[in-house]
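# Residue-level structural notes
One-letter residues, chain by chain:
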Amino acid sequence: MKRPWFPALLAVLLALVFVPAASAQASPRSAIFGGGPFYSDGQAVMDTLRSSGFTTVILWSVHVHPNGDLYLNDKLIVQSGRYVGDSGWPARLRTLKQAPTSVNRIEVSVGSWGVRDWENIAALISSGGTGPNSILHRNFQALRTATGADAINNDDESFYQVAPTAAFARMAAGLGYSKFTFAPYTNQSFWASLKSNLGSLVDRVYLQGYAGGAGNNPATWNRALGMTVDPGLWSKHGSGCSAGDSPATVESKMRSWKSSAGITGGFMWLYDDMKACSSQGNAAAYARAINNGVR
């Protein structure tokens, strides 16, 4: 006897409609910026990050000197197309993505407040271009080989010129930095123009929600950039670790932004302060706060 066709067809349709919808839900993403400890604290900090719950580690900050030398904060790491930093650092970085780990992405941040990194990049492009023989090309290739970074993060806080920044981003993409991300706190029109110029090369915007960016509204930036931003907060820091956000307030603010702006990720600034104020919340506590807040 033939089985009725309708129940079987209905089962197939339900499977097609509901199973992919559930599996397509984006997992929370959470990023952490870190400075000196990510370079000088040995394997211990790598293991801390692997077990933290953070999905993205951002190495902050690479400074470009007028001659093209690359420094990680105050440490010379790339010169004349060669990695010249701590010989053990590249191997330690490679462990970040080794299972078991929560980390699936590494970014290198360029720039910060009070430096001329992007001005220097523009001058080097003007004098030497971005071709294989240029110092920018050779040094950022050496940096990519050493760090295995998936993306360049742009923390420009003074230069704000689209053409040379876009030229650099396209050069970096050709070197294997498959994405170019933003870390804005102001000058929305510049970032919108740069996003329009670079298109899908930009897949994340780490919007500063602290210090000079404390009044930023993620929903407003979503509309301006045509994509959903990942807002960030500053962990407990300062005298007596009294300034900044605790894990509890991070979770509350992320949940509010999830409701008002539809965010699916967030970030924390700064691991160095978490280390100094560990009694107020460690890396795992802050990652959990973001991941819970954006679910």
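Residues numbered from 1 in each chain as written. Predicted model: local features only at pLDDT ≥ 70, side-chain atom pairs only at ≥ 80, totals over all residues. Heavy atoms only, no water.

## Focus on the packing of aromatic side chains
Tallying each qualifying case throughout the model produces 18 aromatic pairs. Considering the side-chain rings of F180 and F182, the 6.3 Å spacing of their centres and the 85° angle between planes classify their relative orientation as edge-to-face. As far as burial versus exposure is concerned, F180 and F182 are alike and both buried. Here the aromatic rings of Y210 and W234 are separated by 6.0 Å at their centres, their planes lie at 65°, and the arrangement is edge-to-face. Here Y210 is found in the loop between β9 (206–208) and α9 (218–225), whereas its partner W234 is found in strand β10 (residues 230–234), with 24 residues between them in sequence. What makes Y210 buried here is its relative accessible area of 10%. (Phe/Tyr/Trp six-rings, centres within 6.5 Å; stacked < 30°, edge-to-face > 60°. Buried < 20%, exposed > 50% of the residue type's maximum accessible area, 1.4 Å probe, protein only. Helix = DSSP H or I, 4+ residues; strand = E, 2+ residues; numbered from the N terminus.)

## As for the pattern of salt bridges
Taken as a whole and judged by the stated rule, the model has nine salt bridges. When the shortest N-O distance is used, the salt bridge between R29 and D230 registers 2.7 Å. Taken together, the residues R29 in strand β1 (residues 29–34) and D230 in strand β10 connect sequence positions 201 residues apart. Residue class for R29 comes out partly exposed when judged on its relative accessible area of 24%. On the basis of relative accessible area, D230 is assigned to the buried category, the value being 0%. Here K275 ties to D41 by a salt bridge, and the two come within 2.7 Å at their closest N and O atoms. Taken together, the residues span a long stretch of sequence, with K275 in helix α11 (residues 271–276) and D41 in the loop between α2 (36–40) and α3 (42–50) at a distance of 234 residues. Owing to a relative accessible area of 26%, D41 belongs among the partly exposed residues under this scheme. (Salt bridge = Lys/Arg side-chain N within 4 Å of Asp/Glu carboxyl O.)

## Comments concerning the environment of G81
Looking at the element boundaries, G81 is found in the loop between β4 (75–79) and β5 (82–83). For G81, a relative accessible area of 26% gives the class partly exposed. Between the alpha carbons of G81 and L143 there is a distance of 8.7 Å; along the sequence they are 62 residues apart. For G81, the contacting residues outside a window of four places in its chain are I135, R138, N139 and A142. (Contact = heavy atoms within 4.5 Å.)

## Structural notes on helix α10 (residues 247–261)
Note on helix geometry: an α-helix contains 3.6 residues per turn, so any two residues three or four positions apart are oriented the same way. Helix length check: α10, at 15 residues, gives a terminal C-alpha distance of 20 Å against a target of 21 Å (1.5 Å per residue), a fit within 8%. Regarding α10, the residues found buried are P247, V250, M254, W257 and A261. All buried residues of α10 project into a common sector of 85° when viewed along the axis, lining one side. In α10, the exposed positions angled more than 90 degrees off the buried face are occupied by A248 and S259. Buried residues belonging to α10 abut α9, β10, β11 (265–269) and α12 (283–294). Looking one or two places after α10, you find G262, whose phi comes out positive at around 70°. (Expected span 1.5 Å × (residues − 1). Arc of directions from axis to C-beta.)

## Details of the confidence of the model for the chain
In the predicted model, the chain carries a mean pLDDT of 93, and the fraction of residues at 70 or more is 91%. Residue range residues 1–25 is modelled with pLDDT below 50. Its contacts to residues more than four positions away, or to other chains, number two contacts. (pLDDT = per-residue confidence, 0-100.)

## A word on the pairing of strand β6 (residues 105–110)
By the criterion of burial, β6 is predominantly enclosed, with six of the six residues buried. Burial along β6 is two-sided: R105, E107 and S109 and I106, V108 and V110, pointing in opposite directions, are all buried. Relative to β6, strand β2 (residues 56–64) runs parallel, the two being bridged by five bridges. When the bridges of β6 are listed, V62 appears paired with V110. For β6 and strand β7 (residues 151–154), the ladder comprises four bridges, and the chain directions are parallel. In the sheet register, V108 faces β7, and the bridge partner there is I152. (Pairing = 2+ DSSP bridges.)

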